[in-house]
Every structure is written in structure tokens, then in C-alpha cells.
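What follows is the residue order along each chain.
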Amino acid sequence: MSQQKQKAGTLSSAIDNFIKTTHNYWSGLFHCYEIEDFPRTNNDLEHAFGMLRHHQRRCTGRKVAPSSLVIRGSVKLACAIATKLHSFTASDLAQVDIVTGRTVPKRENCTLRN
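Residues numbered from 1 in each chain as written. Predicted model: local features only at pLDDT ≥ 70, side-chain atom pairs only at ≥ 80, totals over all residues. Heavy atoms only, no water.

Draft legend 1. Region of the structure containing the overall build of the protein chain. Helix and strand counts for the protein chain come out as five helices and zero strands. Of the contacts formed within the protein chain by residues at least 6 apart in sequence, a portion of 34% connects residues at least 24 apart. Surface exposure of the protein chain reaches about 10300 Å², of which carbon and sulfur atoms provide 56%. (Helix = DSSP H or I, 4+ residues; strand = E, 2+ residues; numbered from the N terminus. Contact = heavy atoms within 4.5 Å. Areas by Shrake-Rupley, 256 points an atom, 1.4 Å probe, with all protein chains shown as cover.)

Structure below.
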């Protein structure tokens, strides 16, 4: 890109900025190719969130996702992704300690607004 910069005319300063920015962030730009099953694009990640909202609306019969998605969303998202990757049987679920499964770590600055 830097070799062809002179052909860009008035956009050559934008190319300089692009080269500088990518150089500064280069070490973290392409993790998606180093880690297996890491989303290649933001669309893959957005699909996971959309899938969760869709299933929550379908299960509850509401037009919008329930407010519990704000409080337990991180747990529900992890469960949705895990069930997509692996089918769990009733015996798998029976091995979970119910008391431990119901505890949610407290988070600061987490408020629901109506």
C-alpha cells in the first residue's frame, strides 16, 4: 500500500494514517486466525447475541427479550453457545449442583431501569 501511495493523490495522507494505525495495533489485529473457533468477523459474534435474544423471546412469548437477560445474560449466552457446540443429556444436567448453579456473582454498577 505504501508503494502505491503516490497514485492515491489527495488520499495519500489517509494512507499514511492507515499504515501508522495498523502498525500500532498489528500485534492484536489477527487473533481470529490464531485461536480455533474464534469469530472471524463481528457478524459471527452478533449472530450469537441475536440467536440468544430470539430464543428468549420465543420461550417467553414476548416481543422483546426479558429483563433477566440483563442480569444473567452472560450466563445465558455461555449456555447458548455451549449447547450449540455440544448436545447435553438429562444425566449431564443432573450432575450439576443446583445451589451453585443458582448463585450469580455480584456486579457493581449493574442497575435495571424501567
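Draft legend 2. Fine view of the layout of surface pockets. Size it by volume and the largest pocket reaches roughly 300 Å³. Every residue along the wall of the largest pocket is listed here: Asp-37, Phe-38, Pro-39, Asp-44, Leu-45, His-47, Ala-48, Met-51, Ile-81, Lys-84 and Leu-85. If you list the elements that add at least two residues to the lining of the largest pocket, you get helix H2 (42-60) and helix H3 (68-85). Per-element accounting of the lining of the largest pocket gives the leading share, five residues, to H2. Classifying every residue of the lining of the largest pocket by side-chain character gives seven nonpolar, one polar and three charged. (1 Å grid on protein atoms, 1.4 Å probe; cavity = no way out; pocket = protein on both sides within 12 Å on 5 of 7 lines; lining within 4 Å. Points joined across faces, edges and corners; volume = space filled by probe spheres on them. Nonpolar A, V, L, I, M, F, W, Y, C, P; charged D, E, K, R; others polar.)

Draft legend 3. View of the nonpolar core. Within the largest apolar cluster, six residues are counted, these being Ala-48, Met-51, Leu-52, Leu-69, Leu-77 and Ala-80. The contacts of Leu-77, once residues within four sequence positions are left out, are Ala-48, Phe-49 and Leu-52. (Core = buried A, V, L, I, M, F, W, Y, C linked by side-chain atoms within 4.5 Å. Buried < 20%, exposed > 50% of the residue type's maximum accessible area, 1.4 Å probe, protein only.)

Draft legend 4. Representation of H2. Helix length check: H2, at 19 residues, gives a terminal C-alpha distance of 27 Å against a target of 27 Å (1.5 Å per residue), a fit within 8%. When we look at burial in H2, the residues that qualify are Ala-48, Met-51, Leu-52 and Gln-56. In a view along the axis of H2, the buried residues occupy a sector of 125°, so they form one face of it. The exposed set on the far side of H2, more than 90 degrees from its buried face, consists of Asn-42, Asn-43 and Arg-58. (Expected span 1.5 Å × (residues − 1). Arc of directions from axis to C-beta.)

Draft legend 5. Layout of the packing of H2 against H3. H3 packs onto H2 with a crossing angle of 105° between their chain directions and a minimal axis gap of 10 Å. In this view, H2 runs roughly perpendicular relative to H3, as classed from their interaxial angle. Contacts from His-47, Ala-48, Phe-49, Met-51, Leu-52, Arg-53 and Gln-56 in H2 reach Leu-69, Gly-73, Lys-76, Leu-77, Ala-80, Ile-81 and Lys-84 in H3. In terms of residue class, the contact of H2 with H3 is made up of eight nonpolar, three polar and three charged. (Axes fitted to C-alpha atoms, helices over the stretch in contact; angles between N-to-C directions. Parallel < 35°, antiparallel > 145°, perpendicular 65-115°, else oblique.)

Draft legend 6. A look at the confidence of the model for the protein chain. When pLDDT is averaged across the protein chain, the result is 76; 87% of the residues are at 70 or more. Per-residue pLDDT, averaged within each element of the protein chain, yields its smallest value for helix H5 (residues 98-102) (70) and its largest for helix H1 (residues 12-29) (86). Predicted confidence is poor over residues 109-114, with pLDDT under 50, and the contacts of this stretch with residues over four places away or in other chains come to three contacts. (pLDDT = per-residue confidence, 0-100.)

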